There are 2 protein chains.
Amino acid sequence: MKTAFALHKIIFIGSGNVATHLGKALYQKGYIVSQVYSPTKKSADALAAQLKSKAITNLKKLDLTADVYFIAIKDDAISDVVKQLTLIDKVVVHTSGSMPLAVLKTTSDNFGVFYPLQTFSKNKGIDFTNIPIFLEASNKKTFGLLQSVAEAISNKVQAITSEQRKYIHLSAVFACNFSNHMYAIAAGILSKQQLSFDILKPLIAETADKIQLNDPQKMQTGPAIRKDLKTMRMHLKLLEDDKELKMIYKLLSKHISH
Amino acid sequence: MKTAFALHKIIFIGSGNVATHLGKALYQKGYIVSQVYSPTKKSADALAAQLKSKAITNLKKLDLTADVYFIAIKDDAISDVVKQLTLIDKVVVHTSGSMPLAVLKTTSDNFGVFYPLQTFSKNKGIDFTNIPIFLEASNKKTFGLLQSVAEAISNKVQAITSEQRKYIHLSAVFACNFSNHMYAIAAGILSKQQLSFDILKPLIAETADKIQLNDPQKMQTGPAIRKDLKTMRMHLKLLEDDKELKMIYKLLSKHISH
C-alpha cells in the first residue's frame, strides 16, 4: 500500500454501497471528492455530506476538471449514464464485476475498470486493506493512475482481463450470494420451528473460517459427503412440503457426493 | 458456565473429530477420561494419548465404573455399538444431530443426547464457550448430570426434543455443509481460470460476518435478488459446459428471486 503520489480529484457517479464505501476509503486517504451524482437528491446529499463533496442530480452539472470519474451504479444503468458522458482526456472507470471494459469506450480515451471484490452493506464499515481490487485499463498511463489510486487503499491490487473478471464475478456469486442464501434457507427452517437463527452463528463463523487456511473441498462435511443415505432421506422427508427446497437439497447433495 | 460439581469419569466411544474436540474440552475442565474406544487401534491410541486415557479396541474391555459414556461415532454405526452395550445405571449419550434419543433405550435406564452444534475438523482447535449444546434425556436426573457436564464447557446449553433436533441438523446442513460446497464450487471455477481461491477469502469472511448481526434474508445481494437477467444469462453462458452447475445456478437464483 502506497500513499497517493498526488492528491487526485475524483467524482462518484452513483451513491449506493460501492460508491459509499469506496468513496469513504479514498476520502480518508486524502482524495478530494469533488461531486457525488445520483438522480435521487436525498441519496446524493447523504453521501456528499460524508465525503465533504457537492451533490448533483443532473449529469449536465458534472465538474469537468476532475481526474477520475467512478461510475458505481447498477450494471443495467451503466449504458444510460455512458451515453451522457464525454470526458475526452479524463479517466472514467466502472466498478462492476460483469460489465466489459469496452462499455466505456465512448466516454474518454482513458477508461478502465476498478473492481473491488467485496460485498458492501449499509451501516457496516469495511477495511479495504486486504480486499482485492482488480484493474483493467485502455492504456498504460490510465492503468498506472488507477494502480496508484487502488494501492492507496489496498494491498491486493491486480491486473485482470474482462474475461477473467467475469469468472471472478461468477465465483463470487457462489461464494457470497449463494452461501448467504443457504444461511437464509437455514434461518427459514429454524423459524418455522420457533427456533432462533442465533444458534447457527458459531457454526457459520467456523465454516467460513475453516477455508481461510484450507481447501474447501477437503473441508466438506455432512451427510452427502459421507453418503449417509438414511440421514438424507430423513431430511428430504422434513422438507416434504417444500418442493423447491427439496430439489435444492437433492441437487446439492448429489453434487457434493461425486 | 459453571464448574463441574463433581469430577466425573467419562468414556469416549469413538475417536473422530467430535470425540477429539469434546474430549479435549472436557479433559481441560478436569474430567477424567478413563477410556477411548475405537476399532482402529491407531486412532484410539492417538486420542487416548491426548486425554491421558486408555485406548481400547474391544467393547468387551469397557470400564464399567464410569459416569458418562459418550457415543461419538458415525450415525450409521450407532445401532451396532448400542447392541453391545448394557450399562444399566450409567449415563449413555450420543452426540448425533439426526439420531433419535430412543435409539439408546436398550443401553441403560439413563440415556441422553449431547449434541454440540459445530463443525469440527482435524488440526483446528475449537473454543466451546459459545457453541450451543442441545440436551435431551430419558429422565430428570440424567438431564441434570448432562447439564452440569455441558455447562462446564459452554454458555449455550439448551434442552431440545428429538424432533426439533432433526430440524436443527437440517438447517445446519444448509448453513454449513451447503455453504461450504458453494465455496468449493467457487474455488473450482477460479482454478479452471488459473486464478487463486485466495482472492475470495475476504469476501467469504465478510459474507459470514454480516449475518452475525443481521437477518441473512435482508443481507442478500447479487444478480438474482436484483433480478438482473442480463448478468444471470451471462453467468449461465460461462457455465455452458457444466450442466449440473448450470442447474444449481438456475435453481438457487430462482429461489432467491421470489
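Residues numbered from 1 in each chain as written. Chains lettered and ligands numbered in written order. Predicted model: local features only at pLDDT ≥ 70, side-chain atom pairs only at ≥ 80, totals over all residues. Heavy atoms only, no water.

Thoughts on the overall build of chain A
Within chain A, the regular secondary structure consists of ten helices and eight strands. Dimensions of chain A, computed from C-alpha atoms along their principal axes, come out at roughly 65 × 35 × 30 Å. Burial analysis of chain A (258 residues in total) assigns 58% to the buried set. Excluding contacts between residues fewer than 6 apart, the proportion of contacts in chain A whose partners are at least 24 apart in sequence is 49%. Here chain A displays about 11,500 Å² of accessible surface, and carbon together with sulfur accounts for 53% of that area. Distance between charge centroids for chain A: 1 Å, based on 34 positive and 21 negative side chains. (Helix = DSSP H or I, 4+ residues; strand = E, 2+ residues; numbered from the N terminus. Buried < 20%, exposed > 50% of the residue type's maximum accessible area, 1.4 Å probe, protein only. Contact = heavy atoms within 4.5 Å. Areas by Shrake-Rupley, 256 points an atom, 1.4 Å probe, with all protein chains shown as cover. Lys, Arg positive; Asp, Glu negative; His and termini not counted. Charge placed at Lys NZ, Arg CZ, Asp CG, Glu CD.)

Remarks on the sheet that holds strand S8 (residues 157–159) of chain A
Residue and element names in this part refer to chain A. Spatial ordering of the open sheet is given by S3-S2-S1-S4-S5-S6-S7-S8, a layout of eight strands whose pairing is mixed. Strand pairing shows two members of the sheet lacking a second neighbour, strand S3 (54–56) and S8, which therefore form its edges. In this sheet, adjacent strand axes meet at a mean angle of 25° when their direction is disregarded. Bridge count between strand S2 (residues 32–37) and S3: three bridges; the pairing is parallel. (Pairing = 2+ DSSP bridges. Axes fitted to C-alpha atoms, helices over the stretch in contact; angles between N-to-C directions.)

Focus: the interface of chain A and chain B
Contact residues are listed per partner, giving 85 residues for chain A and 85 residues for chain B. Across the interface of chain A and chain B, roughly 8,500 Å² is buried in total on both sides, 70% from carbon and sulfur atoms. Applying the counting criterion to the chain A and chain B interface returns four salt bridges. Here Lys-124 of chain B ties to Asp-209 of chain A by a salt bridge, and the two come within 3.0 Å at their closest N and O atoms. Linking chain A to chain B there are 27 residue pairs in polar contact (both at pLDDT 80 or more). Secondary-structure elements contributing two or more residues to the side of chain A that touches chain B are helix H5 (162–192), helix H6 (201–210), helix H7 (216–219), helix H8 (223–226), helix H9 (229–238) and helix H10 (243–257) of chain A. Counting residues per element, the side of chain A that touches chain B draws most heavily on H5 of chain A, which supplies 25 residues. (Buried area = accessible area lost by both parts, 1.4 Å probe. Salt bridge = Lys/Arg side-chain N within 4 Å of Asp/Glu carboxyl O. Polar contact = N/O pair within 3.5 Å; in protein donor to acceptor, adjacent residues only side chain to side chain.)

Side note on the packing of aromatic side chains
This structure, assessed with the given rule, holds 14 aromatic pairs over all chains. A centroid spacing of 6.3 Å and a plane angle of 35° characterise the contact between Tyr-115 of chain A and Phe-134 of chain A, whose relative ring orientation is tilted. On the criterion of sequence distance, the pair formed by Tyr-115 of chain A in strand S6 (residues 108–116) and Phe-134 of chain A in strand S7 (residues 133–137) is long-range, its members being 19 residues apart. Accessibility assignment for this pair places Tyr-115 of chain A and Phe-134 of chain A in one class, buried. Ring centres of Phe-70 of chain B and Phe-114 of chain B lie 5.2 Å apart, and the angle between their planes is 90°; this geometry places the pair in the edge-to-face category. Remark: Phe-114 of chain B occurs in strand S6 (residues 108–116) and Phe-70 of chain B occurs in strand S4 (residues 68–71); sequence separation between them is 44 residues. You'll find Phe-70 of chain B and Phe-114 of chain B in the same group, each marked buried. An aromatic cluster of at least three residues, connected via ring pairs, comprises Phe-12, Phe-70 and Phe-114 of chain A. (Phe/Tyr/Trp six-rings, centres within 6.5 Å; stacked < 30°, edge-to-face > 60°.)

Focus: the relation of the copies chain A and chain B
Mapping chain A onto chain B leaves a residual RMSD of 0.0 Å; the transformation is a rotation of 180° accompanied by 0.0 Å of translation along its axis. What the rotation and shift describe, once combined, is the action of a two-fold rotation axis. Looking at the rotation axis and the C-alpha trace of chain A, the residue lying nearest is Ser-179 of chain A, at 2.3 Å. Here 100% of the interface residues in chain A have copies in chain B that are interface residues too; the copies meet face to matching face. (Least-squares fit on C-alpha atoms with pLDDT ≥ 70 in both.)

Quick word on the pattern of salt bridges
All told, the structure shown has 18 salt bridges over all chains when counted by the stated rule. Put simply, Asp-228 of chain A and Arg-226 of chain A hold a salt bridge, and the shortest N to O gap is 3.2 Å. The shortest N-O distance in the salt bridge between Asp-198 of chain B and Lys-201 of chain B comes to 2.9 Å.

Thoughts on the pairing of strand S5 (residues 88–94) of chain A
Residue and element names in this part refer to chain A. Within S5, five of the seven residues are buried, which leaves the element mostly enclosed by the surrounding structure. Bridge count between strand S4 (residues 68–71) and S5: four bridges; the pairing is parallel. Its bridge partner being in S5, Ile-71 is matched across the sheet by His-94. In this structure, S5 lies alongside S6, joined through five bridges in parallel fashion. By the bridge assignment, His-94 is partnered in S6 with Val-113.

Comments concerning the nonpolar core
Buried together is how nonpolar side chains tend to be arranged in soluble globular proteins. In terms of nonpolar packing, the biggest core is built from 120 residues, with Phe-174 and Leu-200 of chain A together with Phe-174 and Leu-200 of chain B touching the most fellow members. Dropping the residues within four chain positions of it, Leu-200 of chain A is found in contact with Ala-186 and Leu-190 of chain A together with Leu-117, Ser-171, Ala-172 and Ala-175 of chain B. (Core = buried A, V, L, I, M, F, W, Y, C linked by side-chain atoms within 4.5 Å.)

Here we look at the environment of Thr-95 of chain B
Residue and element names in this part refer to chain B. One can find Thr-95 in the loop between strand S5 (88–94) and S6. For the pair formed by Thr-95 and Asp-75, sequence separation is 20 residues and the distance between their alpha carbons is 9.2 Å. Residues within four places of Thr-95 in sequence aside, it is in contact with Val-18, Leu-22, Phe-70, Ile-71, Ala-72, Phe-114, Tyr-115 and Pro-116.

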